[in-house]
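Residues per chain, in single letters:
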Amino acid sequence: MFKKTCINCDSPSYGSSNDQWICPFCETDLTEVPSEELDVGTIELEEFLKLG
Ligand SMILES: [Zn+2]
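Residues numbered from 1 in each chain as written. Predicted model: local features only at pLDDT ≥ 70, side-chain atom pairs only at ≥ 80, totals over all residues.

### Here we look at unusual backbone geometry
So, step 1. With phi around 70°, Asp 10 is a residue other than glycine that occupies positive phi space.
So, step 2. Following the sequence through the fold, Asp 10 ends up in the loop between β1 (2-5) and β2 (12-15).
So, step 3. Of the residues examined, Asp 10 has 10 C-beta atoms within 10 Å and is grouped as exposed.
So, step 4. Not every positive phi belongs to a glycine, and Glu 27 is a case in point at roughly 65°.
So, step 5. Tracing the backbone through its elements, the reader meets Glu 27 in the loop between β2 and β3 (36-37). (Helix = DSSP H or I, 4+ residues; strand = E, 2+ residues; numbered from the N terminus. Buried ≥ 20, exposed ≤ 12 C-beta atoms within 10 Å, placed from the backbone.)

### Describing the confidence of the model for the protein chain
So, step 1. Across the protein chain, pLDDT averages 86, with 83% of residues at or above 70.
So, step 2. Taken element by element, the protein chain is modelled with least confidence in helix α1 (residues 39-51), mean pLDDT 66, and with most confidence in β1, mean pLDDT 94. (pLDDT = per-residue confidence, 0-100.)

So, in structure tokens, the structure goes:
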């Protein structure tokens, strides 16, 4: 899971890949903005999927 902070409205957004990334708040294109990988979120998601 990845996190990016919008360069326009400063809001955090989350995604599962680094493909085209549009801010859900102001629709700014954040594709070229460096992302931050969230390992904890990935682990939590895996646990969630196991519980099914
Ligand atoms: Zn934004």
